[in-house]
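Listed below are the residues making up each chain.
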Amino acid sequence: MGQLFGFVFPDERIYWQIPIVVYPFLTCIATGTFFLSTLDHLFKNKALKPVSNFALLASMAFVSFASLPLLVHLGHPERAFNIMFTPSIRSAMATFGYIYGFYLGLVLLEVWFVFRPQIVEFALASKGVKRAFYSILTLGVREVTPGASRIDHGIIKLIAFLRVPTACVLSGYVGLIFGTLDAVPLWSWRLMPLIFLLSAVAGGIGLITVLYAVAMKGKGWKLDARCVRSMAAYLLAFLLLTGLVQFINFLRSNYGDNPDWQFAFQTLKSEFGFSFIGLQLIAGWVAPVVLLLALLLMKMKDGLRSALAVTSSILVVVHLFTFLWNLVIGGQLASRTLRGSLSFQPELLGKEGILVSAVIAICPLVLLFILTKILPPYQKKVEAAG
Amino acid sequence: MRVNRRDFLRYACLIVPAGVVPLSRRLIGATAESSAKQKYSLEGHKYAFIVDSTRCIGCGECVRSCNMENKVPEGFVRTWVERYTTTKSGKVIVDSTYDVWRQRKKAERFNFEELKSVPAADISKAFFLPKLCNHCANPPCVPVCPVGATYQSPEGVVLTDPNYCFGCGYCIQACPYGVRFKNPITHTADKCTWCYHRIVKGLLPACVEICPTGARQFGDAAIAGSPIAQVLESAKLHVLRKDFGTNPKVYYIELNPEVR
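Engineer: What should I look at first to understand the overall build of chain A in this one?
Structural biologist: Of regular secondary structure, chain A possesses 14 helices and 2 strands. For chain A, the C-alpha radius of gyration of 22 Å lies close to 21 Å, the compact-globule estimate for 386 residues. With the C-alpha coordinates of chain A rotated into their principal frame, the extents come out at 70 × 55 × 35 Å. The proportion of buried residues among the 386 residues of chain A is 57%. Contacts spanning at least 24 positions in sequence make up 80% of the contacts within chain A whose residues lie at least 6 apart. Entry remark: accessible area of chain A is about 16,300 Å², with carbon and sulfur atoms responsible for 71%. Within chain A, one finds 31 positive and 17 negative side-chain charges whose respective centroids are separated by 12 Å.

Written out as structure tokens, the structure is:
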């Protein structure tokens, strides 16, 4: 364990470590990336068309690994399915298995319906192993007539419609796990689900902007300026909302008569000053807000606008991660004695160490890369533009 | 070898008791145990734990006996004793038997040593305070358990099933008293059980049994006129962190405001 300062209870430790930071991070990204795909699939926002299918694949990649950090953290991962067999409905954590499973199912269905024409096309046009692989993915349905397409689009709309509340519940629910714990002052707020939801959307849009830029760079294509601008606008809106709700939370706690919160907040500032004030607030929120305002309000070349959008998006992803880091780890620093604090020294190689968590965090990106090879998500229109 | 009647009787007097006595003791013991099991009912109990901090001398024997009785892993405790030292300038210095363990490593005894950082002349007040799971009537650790591995027994004792707990640590975070820990051997949540395995046999928790001054008292308040019932009725009692609304069943006689 880390160092102790002052007096802490004998059994106090940082029990929730880096995997419990990575778990909500992956879940938030999965939800946020989904938001972008929904804007096109459900609300017909044509500006986001170039990234909507990519965002859908990203959502699938991230949600596929969202439960892995939890399994790593559990003392007995082999008993993980107890949560589905005998859930205690009074626990905020108990329904995770069902919500997560339902969301994953919806994502898989939507991916299949969205990419079905391409899958059928590849199954018919390719040969050998590739043909066999795509034939399996067709699930035996090769009809891509206009009538079948209409039905597909109807189903896609229905799935997207179902995914909106499910995604809200999934990301908000992660916030609820923390928000219902009165014993940890920095977590205890019933509106924590809203903070998680807004942060998730901002983080998801940010990551998609970055990955989209990387993918286009890799292909040698130009970024779709209208799409980048639209994503930047949504990013700014959700970043401002996130900041507003967090500020309200701060005001409510800071000016309330809650010595526990005051102590925990002081501990967070003194122990995690750099990650809280430097990274989460200044680099992760103030800087991207300024950059996004500049790129949306000022006249500039598309190249510079894209560069600013990508820079601010990277910072927003940093904001999401540091927000979760400061909340999860930082929330446990203050002792329940209010007379001391714990310090966190992450181990490199342990089960809950930096290396394992980094590998888990990278896994969705690897899966996304593979998925984009199997199911190319970019529109031909964009290709022509490049 | 020929055995005459006199030798036969002599051997019989030695052999028969040697065989019969242990057998009969086992039989009597088994009967007593089974009758105790039959007698013990899960219903109708109102267990309570009283801590009289004015009697605690900080010997740490309670911690030692608990560790031995429950095979508590090194570096963790199910119960501990805190020492509060107030200087004449009003500064409060707190340490615990855990600090004793940290200083000694592999400590076999948990008695405090003299506080060297403060001269005796500067101390205005000092006292010891035992802590343990409060077995709250409204325990925050129970509803958060996603699989129901942490539960309240019919007698109101808060227990964790190590064979069902999957070690998520949610209950540890939910406890405002910091009495739960993740057992590094079983990888499940662990805490004081009031020695449940003993109390169902009519025995006292190990820490109560060993306490030389009676600072720790335990009993069934449902039994009218029992010592614990009398204390509950007559003494002015306090609980820890009343603001959390957990309704602890560990009551303190004398609780200074600096205690959390």
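We are not done yet, so read on.
Engineer: How do you make sense of the interface of chain A and chain B when you look at a structure like this?
Structural biologist: A common way to state how big an interface is: give the accessible area lost once the parts meet. Listed as interface residues are 39 residues of chain A and, on the opposing side, 47 residues of chain B. At the junction of chain A with chain B, the criterion picks out 1 salt bridge. One salt bridge connects Arg241 of chain B with Asp260 of chain A, and the closest N-O pair in it is separated by 3.0 Å. Our enumeration of links across chain A and chain B arrives at 23 residue pairs in polar contact (both at pLDDT 80 or more). Elements that contribute at least two residues to the side of chain A that touches chain B include exactly β1 (4–7), α4 (82–85) and α7 (146–179) of chain A.

Engineer: Whenever I open this one, the sheet that holds strand β4 (residues 123–132) of chain B confuses me. Can you help?
Structural biologist: Paired through backbone hydrogen bonds, the strands of a sheet run either parallel or antiparallel to each other. Residue and element names in this part refer to chain B. The strand order β3-β2-β4 describes an open sheet built from 3 strands, whose pairing is antiparallel. Bordering the open sheet on either side are β3 (92–96) and β4, each of which pairs with just one other strand. Ignoring strand direction, the axes of neighbouring strands in this sheet form an average angle of 20 degrees. In the sheet, strand β2 (residues 79–87) pairs with β4 via 9 bridges, with the strands oriented antiparallel. Bridged to Glu82 within β4 is Leu129. Sheet contacts for helix α3 (residues 97–104): β2 and β3; angle to β3, the most-contacted strand, approximately 65 degrees.

Engineer: How do you make sense of the pattern of salt bridges when you look at a structure like this?
Structural biologist: It is possible for side chains bearing opposite charge to pair when their charged atoms get close. Applying the stated criterion to the full structure yields 16 salt bridges over all chains. Two residues, Arg163 of chain A and Glu110 of chain A, come together in a salt bridge whose shortest N-O distance is 2.6 Å. With Arg163 of chain A in helix α7 and Glu110 of chain A in helix α5 (residues 96–125), this residue pair connects regions lying 53 residues apart in the sequence. A single burial state applies to Arg163 of chain A and to Glu110 of chain A, both of which are buried. Residue Glu82 of chain B is joined to Lys131 of chain B by a salt bridge in which the shortest nitrogen-to-oxygen separation is 2.9 Å.

Engineer: Help me out: how do you make sense of the nonpolar core in this one?
Structural biologist: One recurring pattern in soluble globular proteins: nonpolar side chains tend to sit buried together. One finds Trp16, Phe178, Phe196 and Met231 of chain A together with Tyr170 of chain B to be the most contacted residues of the largest nonpolar core, which totals 136 residues. Sorting elements by how many residues they give to this core places helix α8 (residues 192–219) of chain A first, with 14 residues. Membership of the second largest hydrophobic core comes to 44 residues, among which are Val100, Leu129, Tyr252 and Val259 of chain B.

Engineer: How should I be thinking about empty space enclosed by the protein in this particular structure?
Structural biologist: Where empty space is left in the structure can be found by rolling a water-sized probe over the atoms. Evaluated as defined, the whole model comprises 6 cavities of 30 Å³ or more. In this structure, the largest cavity encloses a volume near 210 Å³. Along its surface, the largest cavity is lined by 23 residues, and Glu12, Ala183, Ala334, Ser335 and Arg336 of chain A are the ones closest to its centre. Among the secondary structure elements, those contributing two or more residues to the lining of the largest cavity are α10 (259–271) of chain A together with α5 (170–174) of chain B. Its residues assigned to classes, the lining of the largest cavity shows 11 nonpolar, 5 polar and 7 charged.

Engineer: Hey, could you run me through the layout of surface pockets in this one?
Structural biologist: Residues and elements named next belong to chain A. For the largest pocket, the calculated volume is near 1,100 Å³. Looking at the lining of the largest pocket, the elements that each hand over two or more residues are α1 (18–41), α2 (49–65), α5, α7, α8, α13 (354–374) and α14 (380–385). Sort the elements by how many residues they give to the lining of the largest pocket and α5 lands first, with 6 residues. Of the residues in the lining of the largest pocket, the class split is 16 nonpolar, 8 polar and 11 charged.

Engineer: Explain the packing of aromatic side chains to me, please; I cannot follow it from the model alone.
Structural biologist: Remark: the centre distance and the inter-plane angle together describe each pair of aromatic rings, the angle taken between the planes. Taken as a whole and assessed by the stated rule, the structure comprises 35 aromatic pairs over all chains. Pairing Phe25 of chain A with Phe321 of chain A gives two aromatic rings, centres 5.4 Å apart and planes at 85 degrees, and the pair type is edge-to-face. Of this pair, Phe25 of chain A sits in helix α1 while Phe321 of chain A sits in helix α12 (residues 302–328); the two residues are 296 residues apart in sequence, bridging distant segments of the chain. Here the aromatic rings of Phe34 of chain A and Tyr103 of chain A are separated by 6.2 Å at their centres, their planes lie at 80 degrees, and the arrangement is edge-to-face. One end of the pair, Phe34 of chain A, is in helix α1; the other, Tyr103 of chain A, is in helix α5, and 69 residues separate them in sequence. For the pair shown, Phe34 of chain A and Tyr103 of chain A are each scored as buried. An aromatic cluster is built from Trp16, Phe178, Trp187, Phe196 and Phe323 of chain A together with Tyr170 of chain B, whose rings are joined through pairwise contacts.

Engineer: Teacher, can you tell me more about the confidence of the model for chain B here?
Structural biologist: Low pLDDT means the predicted atomic positions in that stretch should not be read closely. Across chain B, the average pLDDT comes to 87, with 85% of residues at 70 or higher. Of the regions scoring below 50 in pLDDT, residues 20–35 of chain B engages in 1 contact with residues more than four places distant in sequence or in other chains.

Engineer: Can you help me understand the pairing of β2 of chain B in this one?
Structural biologist: Every other side chain in a regular strand lies on the same face of the sheet, so the side chains alternate between the two faces. Residue and element names in this part refer to chain B. The buried fraction of β2 is high, at 9 of 9 residues. Burial along β2 is two-sided: Thr79, Val81, Arg83, Thr85 and Thr87 facing one way and Trp80, Glu82, Tyr84 and Thr86 facing the other are all buried. Connecting β2 to the next strand, β3, in antiparallel fashion are 4 residues, including Gly90 with a positive phi near 95 degrees.

Engineer: Quick question: what am I supposed to make of helix α8 (residues 227–234) of chain B here?
Structural biologist: One full turn of an α-helix is made of 3.6 residues, so residues set three or four places apart face in the same direction. Residues and elements named next belong to chain B. Within α8 the residues assigned to the buried category are Ile228, Ala229 and Val231. Along the axis of α8, the buried residues cluster in a sector spanning 160 degrees; they form a single face. In α8, the exposed positions angled more than 90 degrees off the buried face are occupied by Pro227, Glu233 and Ser234. Along its buried surface, α8 packs onto β1 (47–52), β9 (216–220), β10 (237–238) and β11 (250–253).

Engineer: I tried to follow the environment of Gly148 of chain B on my own but got confused; where do I start?
Structural biologist: All names here are of chain B. Mapped onto the fold, Gly148 is located in the loop between α4 (141–144) and β5 (150–152). Since its relative accessible area comes to 35%, Gly148 is described here as partly exposed. A sequence separation of 16 residues divides Gly148 from Tyr164, and the C-alpha atoms of the two residues are 8.3 Å apart.

Engineer: Looking at this structure, I do not really get the environment of Phe128 of chain B. What am I missing?
Structural biologist: Residues and elements named next belong to chain B. Looking at the secondary structure, you find Phe128 in strand β4. Look at Phe128 and you get buried, because its relative accessible area is 18%. Residues Phe128 and Ser234 lie 106 residues apart in sequence; the distance between their C-alpha atoms is 23 Å.

Criteria and cut-off values
Residues numbered from 1 in each chain as written. Chains lettered and ligands numbered in written order. Predicted model: local features only at pLDDT ≥ 70, side-chain atom pairs only at ≥ 80, totals over all residues. Heavy atoms only, no water. Helix = DSSP H or I, 4+ residues; strand = E, 2+ residues; numbered from the N terminus. Rg over C-alpha atoms; globule rule 2.2 N^0.38 Å. Buried < 20%, exposed > 50% of the residue type's maximum accessible area, 1.4 Å probe, protein only. Contact = heavy atoms within 4.5 Å. Areas by Shrake-Rupley, 256 points an atom, 1.4 Å probe, with all protein chains shown as cover. Lys, Arg positive; Asp, Glu negative; His and termini not counted. Charge placed at Lys NZ, Arg CZ, Asp CG, Glu CD. Salt bridge = Lys/Arg side-chain N within 4 Å of Asp/Glu carboxyl O. Polar contact = N/O pair within 3.5 Å; in protein donor to acceptor, adjacent residues only side chain to side chain. Pairing = 2+ DSSP bridges. Axes fitted to C-alpha atoms, helices over the stretch in contact; angles between N-to-C directions. Core = buried A, V, L, I, M, F, W, Y, C linked by side-chain atoms within 4.5 Å. 1 Å grid on protein atoms, 1.4 Å probe; cavity = no way out; pocket = protein on both sides within 12 Å on 5 of 7 lines; lining within 4 Å. Points joined across faces, edges and corners; volume = space filled by probe spheres on them. Nonpolar A, V, L, I, M, F, W, Y, C, P; charged D, E, K, R; others polar. Phe/Tyr/Trp six-rings, centres within 6.5 Å; stacked < 30°, edge-to-face > 60°. pLDDT = per-residue confidence, 0-100. Arc of directions from axis to C-beta.

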